[in-house]
Amino acid sequence: MMKRINEIAIELVMGDLTDQPDCTAIVNAANAELVRGGGVDGAIHRAAGPELERESSALGPISPGDAVITGAYELPNRYVIHCLGPVYGRDEPEDELLANCYRNAFMLAEDRHIETIAFPAISTGVFGYPMEEAAVVALGAIIQTARELNNVKLIRMVLHSRSALRVHEDALECLCEEDK
Ligand code: AR6
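The following refers to the structure shown. Keep in mind that this is a model prediction, so the values were computed, not measured.

### Overview of the packing of helix α3 (residues 94–111) against helix α4 (residues 131–146)
Next, step 1: Contact geometry for α3 and α4: axes closest at 9 Å, N-to-C directions at 40 degrees. By the angle between their axes, α3 is oblique relative to α4. In this structure, α3 meets α4 at a crossing whose hand is right-handed. Note on element contacts: α4 touches α3 through A134, V137, A138, A141, I142, Q144 and T145, opposite D95, L98, A99, Y102, R103 and F106.
Next, step 2: Looking at side-chain class alone, the contact of α3 with α4 contains nine nonpolar, two polar and two charged residues.

The structure is reproduced here in structure tokens:
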């Protein structure tokens, strides 16, 4: 599914975040110490090689909602933006902290003149954020921020399952209706 906000494309696809060669940056759902973990973080570090952890861990620890940027090493992208999502039920207010991840990632992308960026569904795995709730927060923040972006032209969310894709498609459809 693809929607346009001003000149910016918001795309939802099912797939693997480490296989987005047409994106200049991919966003990691990291841990506070920015060391190799599980989930999408594990996949990113595996694909990037050990140099990524050397660079990222020197930038940690970070707080929920924060984002930092590193090189992408053996990944087919130029940058990895590492975000720490909230742990659901622990880091409050979780919706604001989750929205901050997306906003802060876009700030870093704008600074570097990044035109294409791919996100995972931050916090919806190990950190336990229910997919439906996270989709509304993530896409709400993406739509809101998209209006203020000058450099970013393509925002892709890469969902890891058909059900996650469906949930995000429904949320994007609803948010775009409300937006009219
Ligand atoms: N491509 C796209 N999405 C993926 C991939 C992939 N290759 N692999 C998993 N997902 P999670 P979190 C989805 O747990 O909840 C790590 O240990 C997954 O299905 O990766 O923010 C870190 O080091 C889920 O929907 O991130 C932290 O300690 C989504 O990505 C902690 O987990 C996010 O799940 C962060 O937890």
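### Looking at the site of the ligand
Next, step 1: With respect to spatial proximity, 22 residues lie near the ligand, and among them N31, G38, V40, D41 and T124 are the closest.
Next, step 2: Contacts to the ligand include D16, whose side-chain N or O atom sits 2.9 Å from a nitrogen atom.
Next, step 3: Within the contact set of the ligand, an oxygen atom lies 2.8 Å away from a side-chain nitrogen or oxygen of N31.
Next, step 4: Alone, the ligand offers 710 Å² of accessible surface; in the complex the protein occludes 87% of this.
Next, step 5: When grouped by side-chain class, the residues that make up the shell around the ligand number 11 nonpolar, nine polar and two charged.

### Structural notes on the side chain of Q20
Next, step 1: Relative to the helices and strands, Q20 is located in the loop between β2 (8–14) and β3 (25–29).
Next, step 2: Judged by its relative accessible area of 7%, Q20 is buried.
Next, step 3: Polar contacts involving the side chain of Q20 include one to the main-chain carbonyl oxygen of D16, which spans 2.8 Å.
Next, step 4: Residue contacts for Q20: discarding those within four places in its chain leaves I26, N77, A118, R156 and V158.

About the criteria used
Residues numbered from 1 in each chain as written. Predicted model: local features only at pLDDT ≥ 70, side-chain atom pairs only at ≥ 80, totals over all residues. Heavy atoms only, no water. Axes fitted to C-alpha atoms, helices over the stretch in contact; angles between N-to-C directions. Helix = DSSP H or I, 4+ residues; strand = E, 2+ residues; numbered from the N terminus. Parallel < 35°, antiparallel > 145°, perpendicular 65-115°, else oblique. Left-handed = near helix turned anticlockwise from the far one by under 90°. Contact = heavy atoms within 4.5 Å. Nonpolar A, V, L, I, M, F, W, Y, C, P; charged D, E, K, R; others polar. Near = heavy atom within 4 Å. Polar contact = N/O pair within 3.5 Å; in protein donor to acceptor, adjacent residues only side chain to side chain. Areas by Shrake-Rupley, 256 points an atom, 1.4 Å probe, with all protein chains shown as cover. Buried < 20%, exposed > 50% of the residue type's maximum accessible area, 1.4 Å probe, protein only.

By themselves, these figures tell us nothing about what the structure is for.
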